[in-house]
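# Observations on the model geometry
Next come the chains, spelled out residue by residue.
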Amino acid sequence: MRTADVPAFTAFVQARSSALFRTALLITGERHVADDLVQSTLEQVCRHWRKVRSADAPEAYARRILVNLANDRWRRLRGRPEVPLDDGIGGGHVDPYRGLVVRDELMRELQSLPVGMRTVLVLRYFEDLDDAEIGRLMNISTGSVRSQVARGLSKLRSTVGTQALRAGSEGAA
């Protein structure tokens, strides 16, 4: 990267890294993995900054890279069970507030969905992107986006339940 490009890239990182981290965390469900995913994404954006900036698309490029890296990670781990590690926070204590318990249950179920379906749901409901933008980011048709959303919500409803989903969405608001 040329030294003249450093201020623009730094401004982009400062403005968008927290949003990229939030998306990565919702896709992966693990803080450490999400942090690594964002770092790898920003590394690739930095590597191609001049081309990305000239196309005036650093945000779209970063999100596409983030989704692709998450998909690659998921493909590598497929078939190998992941064992969650205790991060020392809460020591396994279940929160007595029902909304938080439902939210945690919803997040666990969200993590059990296939990565593509999970990514579509995260981009749609957590990032508030429309179907066309999600399709463009993930390089799939709008019909596929709608199909993934419908199937994902159906799976979540069957495992968590409609009442728990309502309580979880009220707790998240």
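Residues numbered from 1 in each chain as written. Predicted model: local features only at pLDDT ≥ 70, side-chain atom pairs only at ≥ 80, totals over all residues. Heavy atoms only, no water.

## So, unusual backbone geometry
If you check the backbone angles, Asp 128 has positive phi at about 55° while not being a glycine. Mapped onto the secondary structure, Asp 128 falls in the loop between helix 6 (115–126) and helix 7 (131–138). (Helix = DSSP H or I, 4+ residues; strand = E, 2+ residues; numbered from the N terminus.)

## Things to note about helix 4 (residues 58–77)
An ideal rise of 1.5 Å per residue puts 28 Å on 20 residues; helix 4 measures up with 28 Å between its terminal C-alpha atoms. Of the residues making up helix 4, those classed as buried are Pro 58, Ala 62, Arg 63, Ile 65, Leu 66, Val 67, Leu 69, Ala 70 and Asn 71. Buried residues belonging to helix 4 abut helix 1 (6–28), helix 2 (31–47), helix 3 (49–54), helix 6 and helix 7. (Expected span 1.5 Å × (residues − 1). Buried < 20%, exposed > 50% of the residue type's maximum accessible area, 1.4 Å probe, protein only. Contact = heavy atoms within 4.5 Å.)

## Quick word on the pattern of salt bridges
One pass over the full model with this rule turns up eight salt bridges. Between Arg 124 and Asp 131 there is a salt bridge, with the nearest N and O atoms lying 3.7 Å from each other. Arg 124 gets classed as partly exposed once you look at its relative accessible area, which sits at 29%. Among the charged side chains, a salt-bridge network with shared partners connects Arg 16, Arg 22, Glu 59, Arg 63 and Glu 127. (Salt bridge = Lys/Arg side-chain N within 4 Å of Asp/Glu carboxyl O.)

## As for the nonpolar core
Counting residues in each nonpolar core, the largest one holds 37 residues, and the members touching the most others are Leu 66, Leu 121 and Ile 134. Looking at this core, the elements with two or more residues in it are helix 1, helix 2, helix 4, helix 5 (98–112), helix 6, helix 7 and helix 8 (142–160). Non-local contacts of Leu 121, meaning those with residues more than four positions away in its chain, are made with Leu 110, Leu 113, Phe 126, Val 149, Gly 152, Leu 153 and Leu 156. (Core = buried A, V, L, I, M, F, W, Y, C linked by side-chain atoms within 4.5 Å.)

## Considering the confidence of the model for the protein chain
Of all residues in the protein chain, 77% have pLDDT values of 70 or greater, and the mean over the chain is 77. Per-element confidence in the protein chain is highest for helix 2, whose mean pLDDT is 89, and lowest for helix 9 (residues 162–172), whose mean pLDDT is 50. (pLDDT = per-residue confidence, 0-100.)

## Considerations on the environment of Arg 31
Tracing the backbone through its elements, the reader meets Arg 31 in helix 2. Since its relative accessible area comes to 53%, Arg 31 is described here as exposed. It is 8.7 Å that separates the C-alpha atoms of Arg 31 and Phe 21, two residues lying 10 residues apart in sequence. Each residue touching Arg 31, except ones within four places of it in the same chain, is listed here: Phe 21 and Leu 25.

## Some details on the side chain of Thr 28
Structurally, Thr 28 can be placed in helix 1. Within the structure, the side chain of Thr 28 is placed 2.8 Å from the backbone oxygen of Ala 24, a separation counted as a polar contact. Looking at Thr 28, its side chain comes within polar contact range of the main-chain oxygen of Glu 30, at 3.3 Å. Excluding residues that lie within four positions of it along the chain, Thr 28 makes contacts with Val 33, Ala 34, Leu 37 and Gln 111. (Polar contact = N/O pair within 3.5 Å; in protein donor to acceptor, adjacent residues only side chain to side chain.)

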